[in-house]
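# Analysis of the macromolecular model
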Amino acid sequence: MLSGIVSPLIKWYRENKRILPWRDQNNAYYTWVSEIMLQQTRVEAVKPYFIRFITELPDVAALASCPEKKLMKLWEGLGYYNRVRNMQAAACTVVEEYGGKLPESYEKLVSLKGIGSYTAGAIASIAYGIPVPAVDGNVLRVVSRITESREDIMKQSVRRKMEQTLKEIMPSDCPGDFNQALMELGAVICVPNGQPKCQECPVQKICRAHLHDTTEDIPVKAPKKARKIENRTVLVIQDGERTAIQKRPDKGLLAGLYELPNVKGILSAEEAVKAVEKMNLEPLHIEELEPAKHIFSHIEWRMTGYRIRVSSLETNRNSKLIFADKKQSDRQYAIPAAFGAYVKYMKEETR
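These figures come from a predicted structure and were not determined experimentally.

A word on the overall build of the protein. Within the protein, the secondary structure is distributed over 15 helices and seven strands. For the protein, the spread of C-alpha atoms along the principal axes amounts to about 70 × 50 × 35 Å. Each of the 351 residues in the protein was classed as buried or not, and the buried ones make up 50%. For the protein, the computed accessible surface area is about 17700 Å², with 48% contributed by carbon and sulfur atoms. Each charge class in the protein was averaged separately, 52 positive and 43 negative side chains, and the resulting centres sit 2 Å apart.

Here it is, written out as structure tokens:
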């Protein structure tokens, strides 16, 4: 049945595809960077990040040799920083073993750090014309609806089964267009969390979920485990010109990035002042900030914030703290989006 989707889907894609800065470039590096960025971020949000990234790091060799601080800054705002660390590790391997060019082999691509079956399939098919599938969440949803499958798409066995099914119908002359057509259909027509635009779909006559009016029930996903809730207090410590930040541990959540000082639990204003005093700083004024929250894949931070003016930071001997002015924080230090609600106070002087 699925073989009937190939021609209408490719025709639709070529006539309707979105113009994206990484698309139709015949550049494996561009495909790689964009696919990693797109794993947890919307297309429109990724565009400026992608352009900035490739402007600074135009090829694999540049990525491999990029200083860590600069690399984290370029990735700032995209989250999941281990992904860009894995990219750099893979880039070093590509430079050392493949002369700086991503290999034209699905098997060699999937062996690189941080490149799974989906990303390897995307690079191999889009950049090198190799007929292998690239199954992401969009593709899982589209194919599940077309076939009216009620298998749990969160299971790896279901993903592997779908990869094998698509491999059997993959057009050898344009596998990249076919994979992108499936992705595009899932992104703009066969959408999640709402009514798919079935009347605009090029394969609606073949789609069993549309025929039986079951699109709202498909795909099937096993419920996720509830996230752990963690309360934190964030301290915006300033002397009028600069803000105190610190580097996170090299392992664990947000490893190696910079953050505003923070502690577990909810502190009162009095407790926050005492916490600052323990940093060998002299608090002069405290202001309570708005509460905020940030959701990670497995944990949710619920944050209380205080902005605390202190006497000159120059006299501080706390080796863990870095005193960054507004320009430094913009240029040098990658502060994760988890602290986004409070980072804005770094860009204005205390009152």
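Read on, since the account is not over.
Moving on, we come to the packing of helix H2 (residues 28-37) against helix H8 (residues 117-128). With their axes 9 Å apart at the nearest point, H2 and H8 run at an angle of 145 degrees to one another. Handedness of the H2/H8 crossing: right-handed. Contacts between H2 and H8 pair Ala28, Thr31, Trp32, Glu35 and Ile36 from the former with Tyr118, Thr119, Ala122, Ile123, Ile126, Ala127 and Tyr128 from the latter. Counted by class, the contact of H2 with H8 contains nine nonpolar, two polar and one charged residues.

This part covers the confidence of the model for the protein. When pLDDT is averaged along the protein, the result is 91; 96% of the residues meet or exceed 70. Mean pLDDT across the secondary structure elements of the protein bottoms out at helix H14 (residues 326-331), with 70, and peaks at helix H4 (residues 60-65), with 98.

With that settled, consider the pattern of salt bridges. Summed over all chains, the structure comprises 17 salt bridges. Between Arg14 and Asp177 there is a salt bridge whose closest N-O contact spans 2.8 Å. With Arg14 in helix H1 (residues 6-16) and Asp177 in helix H11 (residues 175-188), this pair connects stretches of sequence that are 163 residues apart. Judged by relative accessible area, Arg14 falls into the partly exposed class, the value being 47%. One salt bridge in this structure joins Arg85 and Glu68, with 3.6 Å as the shortest N-O distance.

What counts and what doesn't
Residues numbered from 1 in each chain as written. Predicted model: local features only at pLDDT ≥ 70, side-chain atom pairs only at ≥ 80, totals over all residues. Heavy atoms only, no water. Helix = DSSP H or I, 4+ residues; strand = E, 2+ residues; numbered from the N terminus. Buried < 20%, exposed > 50% of the residue type's maximum accessible area, 1.4 Å probe, protein only. Areas by Shrake-Rupley, 256 points an atom, 1.4 Å probe, with all protein chains shown as cover. Lys, Arg positive; Asp, Glu negative; His and termini not counted. Charge placed at Lys NZ, Arg CZ, Asp CG, Glu CD. Axes fitted to C-alpha atoms, helices over the stretch in contact; angles between N-to-C directions. Left-handed = near helix turned anticlockwise from the far one by under 90°. Contact = heavy atoms within 4.5 Å. Nonpolar A, V, L, I, M, F, W, Y, C, P; charged D, E, K, R; others polar. pLDDT = per-residue confidence, 0-100. Salt bridge = Lys/Arg side-chain N within 4 Å of Asp/Glu carboxyl O.

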